[in-house]
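# Tertiary structure, described
Spelled out, the chains give:
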Amino acid sequence: MKGTRSLLAPYAVALLAVGSGLLLTLLLQPLLKPSIFLLFFAAVAISAWYGGMEAGLLATALSTLAVSYFFLEPVFSLLVVSLDNILPAILILKKIR
């Protein structure tokens, strides 16, 4: 049981980091308006530092979905209306390479 717990810890850290980043971004959205991605970059960096590449990739995917759903137009949808909305997601993916 101890081995399973340590195998899941990096993914739990990734999930908690992205969840915390999302919650803080929602709460501080007026202050973070020019760049709402700042806390998601931190979540990916923390996840990758703690859990390695797999946890970093999980955090990247979760961050991309969270930003797309909560902050990009149309809000509360994963539909991509404009190619301009894809650029920040691509930049997030380029950061981890």
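Residues numbered from 1 in each chain as written. Predicted model: local features only at pLDDT ≥ 70, side-chain atom pairs only at ≥ 80, totals over all residues. Heavy atoms only, no water.

## Observations regarding helix 3 (residues 53–70)
With 18 residues, helix 3 extends 25 Å between its outermost C-alpha atoms, agreeing within 8% with the 26 Å of an ideal straight helix rising 1.5 Å per residue. Here helix 3 has its buried residues at Ala-55, Gly-56, Ala-59, Thr-60, Ser-63, Ala-66, Val-67 and Ser-68. (Helix = DSSP H or I, 4+ residues; strand = E, 2+ residues; numbered from the N terminus. Expected span 1.5 Å × (residues − 1). Buried < 20%, exposed > 50% of the residue type's maximum accessible area, 1.4 Å probe, protein only.)

## Looking at unusual backbone geometry
At the junction of Glu-73 and Pro-74, the peptide bond is cis and its omega measures out at -10° in the coordinates. Note on placement: Pro-74 falls in the loop between helix 3 and helix 4 (86–95).

## Looking at the confidence of the model for the protein chain
Considering every residue of the protein chain, the mean pLDDT works out to 86; 86% of them sit at 70 or more. Helix 4 is the least confidently modelled element of the protein chain, averaging 68 in pLDDT, while helix 2 (residues 38–51) averages 95, the highest of any element. (pLDDT = per-residue confidence, 0-100.)

## Let's talk about the packing of aromatic side chains
Evaluated as defined, the whole model comprises 5 aromatic pairs. Consider the rings of Tyr-69 and Phe-76, whose centres lie 5.8 Å apart with planes at 70°: the pair is edge-to-face. On the accessibility criterion, Phe-76 (55% relative accessible area) is exposed. Three or more aromatic residues link up through ring pairs in this structure, and these residues are Phe-40, Tyr-69, Phe-70, Phe-71 and Phe-76. (Phe/Tyr/Trp six-rings, centres within 6.5 Å; stacked < 30°, edge-to-face > 60°.)

## Overview of the packing of helix 2 against helix 3
Direction vectors running N to C along helix 2 and helix 3 enclose 160°, while the axes themselves pass 7 Å from each other. As far as their axial angle goes, helix 3 and helix 2 are roughly antiparallel. The handedness of the crossing between helix 2 and helix 3 comes out as right-handed. Of helix 3, the residues touching helix 2 (which contributes Phe-40, Ala-43, Val-44, Ser-47, Ala-48 and Gly-51) are Met-53, Glu-54, Ala-55, Gly-56, Ala-59, Thr-60, Ser-63, Ala-66 and Val-67. Residue classes in the contact of helix 2 with helix 3 are distributed as 9 nonpolar, 5 polar and 1 charged. (Axes fitted to C-alpha atoms, helices over the stretch in contact; angles between N-to-C directions. Parallel < 35°, antiparallel > 145°, perpendicular 65-115°, else oblique. Left-handed = near helix turned anticlockwise from the far one by under 90°. Contact = heavy atoms within 4.5 Å. Nonpolar A, V, L, I, M, F, W, Y, C, P; charged D, E, K, R; others polar.)

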